[in-house]
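If you want the building blocks of each chain, they are given just below.
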Amino acid sequence: MPANQEPTTDGDPAPHGWLGTRRMAAGLREWAREGVRSRAWRLRLYGLLAVQAGIAAAIAWFVAYEVLHNPSPILAPTTAVGIVAASMGSRLRRTVELLVGVILGLAVGDTLMPFFGIGAWQTGVVVVLAIVLAVLFKGGGSLLTQAGGTAVLIATLEPPVRELSVPRFVDAAVGGLVGLAVGLLLVPIHPQRTLLRLAEPVVGPAAAIIHELAAALRGRDLADAERSLRRLRELGPRLAALNDGLSAAQEVGRLAPLRWRERDSLAFHTASIQHLERSLHSCRSLSRRLTTALKDEEPIPEEFPAAIDLLACALLTLRWTIQAGAEPQEARQQILVGVEMIGRAQGDPTRPHVHRLGYSGLIAAGEFRTASHDLLIASGLDAERAAVLVRRAVDGHRRT
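How each quantity is defined
- Residues numbered from 1 in each chain as written.
- Predicted model: local features only at pLDDT ≥ 70, side-chain atom pairs only at ≥ 80, totals over all residues.
- Heavy atoms only, no water.
- Helix = DSSP H or I, 4+ residues; strand = E, 2+ residues; numbered from the N terminus.
- Buried < 20%, exposed > 50% of the residue type's maximum accessible area, 1.4 Å probe, protein only.
- Contact = heavy atoms within 4.5 Å.
- Axes fitted to C-alpha atoms, helices over the stretch in contact; angles between N-to-C directions.
- Parallel < 35°, antiparallel > 145°, perpendicular 65-115°, else oblique.
- Left-handed = near helix turned anticlockwise from the far one by under 90°.
- Nonpolar A, V, L, I, M, F, W, Y, C, P; charged D, E, K, R; others polar.
- Core = buried A, V, L, I, M, F, W, Y, C linked by side-chain atoms within 4.5 Å.
- Phe/Tyr/Trp six-rings, centres within 6.5 Å; stacked < 30°, edge-to-face > 60°.
- Patch = residues over 30% accessible without salt bridge, like charges linked within 9 Å, V, L, I, M, F, W, Y side chains within 5 Å.
- Areas by Shrake-Rupley, 256 points an atom, 1.4 Å probe, with all protein chains shown as cover.
- Salt bridge = Lys/Arg side-chain N within 4 Å of Asp/Glu carboxyl O.
- Expected span 1.5 Å × (residues − 1).
- pLDDT = per-residue confidence, 0-100.

## A word on the overall build of the protein
- A count of helical and extended segments in the protein gives 14 helices and zero strands.
- Counting helices and strands in the order they occur from the N terminus, the protein gives α-α-α-α-α-α-α-α-α-α-α-α-α-α.
- The burial tally for the protein puts 45% of its 400 residues in the buried class.
- Residue pairs in contact within the protein that sit at least 24 positions apart in sequence constitute 75% of those at least 6 positions apart.

## Here's the deal with the packing of helix α7 (residues 191–218) against helix α11 (residues 303–324)
- At a closest axis distance of 8 Å, the pairing of α7 and α11 adopts a crossing angle of 165 degrees. Judged by the angle between their axes, α7 and α11 are roughly antiparallel. For the element pair α7 and α11, the recorded crossing hand is left-handed. Taken together, the residues of α11 that come into contact with α7 (itself represented by Leu196, Glu200, Val203, Gly204, Ala206, Ala207, Ile210, His211, Leu213, Ala214, Leu217 and Arg218) are Pro305, Ala306, Ile308, Asp309, Ala312, Cys313, Leu315, Leu316, Arg319, Ile322 and Gln323.
- For the contact of α7 with α11, the per-class residue count stands at 16 nonpolar, three polar and four charged.

## Some remarks on the nonpolar core
- Membership of the largest hydrophobic core comes to 61 residues, with the highest contact counts inside it found for Leu290, Phe304, Ile308, Leu315, Phe368, Leu375 and Leu376.
- At the level of secondary structure, the elements contributing two or more residues to this core comprise α7, α8 (222–233), α9 (236–255), α10 (263–295), α11, α12 (329–346), α13 (359–378) and α14 (383–399).
- Ranked by residue count, the leading element in this core is α7, at 13 residues.
- Not counting chain neighbours up to four residues away, the residues in contact with Phe368 comprise Leu286, Ala307, Ile308, Leu311, Gly338, Val339 and Ile342.

## Some details on the packing of aromatic side chains
- For the structure on display, the rule yields one aromatic pair.
- Ring geometry for Trp61 and Tyr65: centres 4.6 Å apart, planes at 15 degrees, overall stacked. Note that Trp61 and Tyr65 are positioned in helix α1 (residues 18–67) at a spacing of four residues, about one turn of the helix.
- By relative accessible area, Trp61 is classed as partly exposed at 39%.

## Focus: a nonpolar patch on the surface
- On the surface, a cluster of nonpolar side chains totalling about 690 Å² of accessible area is made up of Trp61, Phe62, Tyr65, Val67, Leu68, Ile103, Phe169 and Val170.
- When residues of the nonpolar patch are traced back to their parent elements, those giving at least two are α1 and α6 (165–186).
- Top element by residues in the nonpolar patch is α1. It accounts for four residues.
- Its relative accessible area of 31% is what places Val170 among the partly exposed residues.

## Considerations on α9
- For α9, with 20 residues, the first-to-last C-alpha span of 29 Å sits near the 28 Å given by 1.5 Å per residue.
- Among the residues of α9, those classed as buried are Leu239, Leu242, Gly245, Leu246, Ala248, Ala249, Glu251, Val252 and Gly253.

## Re the packing of α12 against α13
- Direction vectors running N to C along α12 and α13 enclose 165 degrees, while the axes themselves pass 10 Å from each other. As summarised for this structure, α12 and α13 are arranged roughly antiparallel, according to the angle between their axes. The interaxial crossing formed by α12 with α13 has left-handed handedness. Contacts between α12 and α13 pair Arg332, Ile335, Leu336, Gly338, Val339, Ile342, Gly343 and Gln346 from the former with Leu362, Ala365, Phe368, Arg369, Ser372, Leu375 and Leu376 from the latter.
- Counted by class, the contact of α12 with α13 contains nine nonpolar, four polar and two charged residues.

## What to know about the confidence of the model for the protein
- Model confidence for the protein is summarised by a mean pLDDT of 80, while 78% of its residues fall at 70 or above.
- With pLDDT under 50 throughout, residues 1–16 is counted as low confidence; its partners more than four residues away or in other chains account for 17 contacts.
- The model gives residues 160–166 a pLDDT under 50, and that stretch makes twelve contacts with residues more than four places away or in other chains.

## Some points on the pattern of salt bridges
- Under the defined criterion, the tally for this structure stands at six salt bridges.
- One salt bridge in this structure joins Lys295 and Glu226, with 3.7 Å as the shortest N-O distance. One end of the pair, Lys295, is in helix α10; the other, Glu226, is in helix α8, and 69 residues separate them in sequence.
- A salt bridge links Glu327 to Arg332; its shortest N-O distance comes to 3.0 Å.

## Let's talk about unusual backbone geometry
- Even without glycine at this site, Arg220 takes up a positive phi of about 50 degrees.
- Along the polypeptide, Arg220 turns up in the loop between α7 and α8.

## Let's talk about the environment of Ala267
- Note that Ala267 resides in helix α10.
- For Ala267 and Ala249, which are 18 residues apart along the polypeptide, the C-alpha to C-alpha distance reads 9.9 Å.

And the structure:
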């Protein structure tokens, strides 16, 4: 019977391709489960933003309509929602960018529309000029977007009356202040919880990829090693999101009175995330060097992939101990044992003239120690203590 066919209940071989169909169905089920998990994670992470945006929009509209007596309060709630959407970054910086963008859009729109009227080409010209001015101000993406968006509102929704410039700017300022107040004072994010949730799609996949790298080294499979390197690089956007979340958490810890009591805990999580990111960057360099070692057919002793497996295990162990608030002694031990194994992979200390690693392998060993050092700091150790432990692990191998 062919290898790709399975027996049926009556003893005849299954139709050709049945096994492939089953695998495809299993893959689709896994894809669907992963999609559900991903959406659930995004809902837990960004659900509070929906609440913040709704509250900010309602308050901004009320203030602009009832207090400022604006019969058409468009800019106030629009700007408030834009500020809330900046929660995974620096809200203060984004507030300034949004308000500057509003000013530019208002200036261009209110200057040109009374002369040229409302129409398709007029709208296009106003948007181009507003964005050009924003570029000249060296603005970022938020400033460019807000300048162009405000120009569109002025060109299409508002009458071209020059005297409305001040009320429009006041509306935008009110929206910015309301969005800032809601995000930092009324309903601030939980900084530690946000950081842990942002770390979820980074740590788990990174550990899995590092395990795959170790397997590729054992089998000297260059294609799998290159795939691992590519997947580590693909974690870049997730690391960027984690870094934005770190900025938001630090800002909340400084400015939100409801979160001031959590500053000490936030300081630990901030340092942990920063050094976790550095460790993963070192792992990417480690993967690149080991891929080069495979290309150059350099020797890779069995201790090297074993140490890489330990580093991946330490990542996962560190994650759950931090989540549980426990002391990460096991993770530290795994890291240090890995450092010792890298020392054994380099060579026999009694025969210093014999090298078990090639040029790229020796550089990879250094990257491993750097990643280990940063991961020890992420576990709560200071930099000096982490360096001492790494040196002891290296010296312990040399004495054996």
